[in-house]
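So the chains spell out like this:
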Amino acid sequence: MYDGSAGGQSARPNFGSTGNFATVLTGGSYTIDFAPTSLFAFVLGSLDTYNNLTLRYEDGTSQLYAGGQIINDLAFPSGNQINGVVSYRVISGPRLTGAVFGSTANSFEFDNLSVAAVPEPATWALMIGGFGMVGGAMRRRKVANTTYA
């Protein structure tokens, strides 16, 4: 963990990075595990061709992304302080359960790791039931109260 840039070792990521941020140095790795989710995002500090990211899935499989693959194979100048928010979304199939950041040379900087919370089934049931009750109340008509003299 670093709290500021250090020549040849770390460069603070842009896009809201404050306080400490993580840096993987030559031959190192940083692993994070989380509950199954469909979205994982982080702020990227300075992408290099020798950086790699492995995403792990709830079925035990994993996917390795190296260099430009981390940003969808976009061209980039290696080591030139490429910054931005990177996100991975699972549309169908097994959800994400972890990530491993690695680098074969100095360095891979990142910050603000985040995952999307997946509601419990009971939460979905309560929410759908609530929408049904609101819809039923809106459909109900008021009966006009008239008196004749």
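Summary of the structure given here. Starting afresh in each chain, residues are numbered from 1 along the sequence in its written order. Local features are withheld for residues below a pLDDT of 70 in this predicted model, meaning they are given only at 70 or higher, and side-chain atom pairs are given and counted only at 80 or more; totals for whole chains, interfaces and linings count all residues. As a convention, hydrogens and water are excluded, and side-chain values are obtained from all of the structure's heavy atoms.

So, the packing of aromatic side chains
Logical step 1: Under the pairing criterion, centres of Phe, Tyr and Trp rings, with the six-membered ring standing for Trp, must be within 6.5 Å; the plane angle then separates stacked pairs below 30 degrees from edge-to-face pairs above 60, leaving the rest tilted. In the structure shown here, the tally under the stated rule is ten aromatic pairs.
Logical step 2: Seen from their ring centres, Phe101 and Phe110 are 3.8 Å apart, and the 10° between their planes marks the pair as stacked. In this pair, the class of Phe101 matches that of Phe110, namely buried.
Logical step 3: Its relative accessible area of 1% is what places Phe110 among the buried residues.
Logical step 4: Here a set of aromatic residues connected by ring pairs shows up, and it is made of Tyr30, Phe34, Phe40, Phe42, Phe101, Phe108 and Phe110. Buried means the residue's accessible area, taken with a 1.4 Å probe over protein chains only, is under 20% of the maximum for its type, while exposed means over 50%, and partly exposed covers the values in between.

Brief notes about the sheet that holds strand 5 (residues 62-66)
Logical step 1: Spatially, 2-7-4-5 is the arrangement adopted by the four strands of the open sheet, whose pairing is antiparallel. One side of each edge strand has no neighbouring strand; the edge strands of this open sheet are strand 2 (29-37) and strand 5. When strand polarity is set aside, the average angle formed by the axes of neighbouring strands in this sheet is 15°. Two strands pair under a simple rule: DSSP has to find at least two bridges between them. Elements are defined by DSSP. Helices are runs of H or I of four residues or more, strands are runs of E of two residues or more, and each kind is numbered from the N terminus. Only the contacting stretch of a helix is used when fitting its axis, a line to C-alpha atoms as for every element, and angles between N-to-C directions run 0 to 180 degrees.

Here we look at the nonpolar core
Logical step 1: Formed by 22 residues in total, the largest nonpolar core has its most connected members in Phe40, Phe42, Leu55, Ile70, Tyr88 and Phe101.
Logical step 2: Counting residues per element, the ones that place at least two in this core are strand 1 (22-24), strand 3 (39-44), strand 4 (51-57), strand 6 (84-89), strand 7 (96-103) and strand 8 (108-115).
Logical step 3: By definition in these notes, contact holds between two residues if any of their heavy atoms fall within 4.5 Å. Those residues within four positions of Phe40 in sequence are excluded, and the remaining contacts are Phe34, Leu55, Val86, Ser87, Tyr88, Leu96, Ala99, Phe101, Leu113, Ser114 and Val115. Put simply, buried Ala, Val, Leu, Ile, Met, Phe, Trp, Tyr and Cys residues joined by side-chain atoms within 4.5 Å make one nonpolar core.

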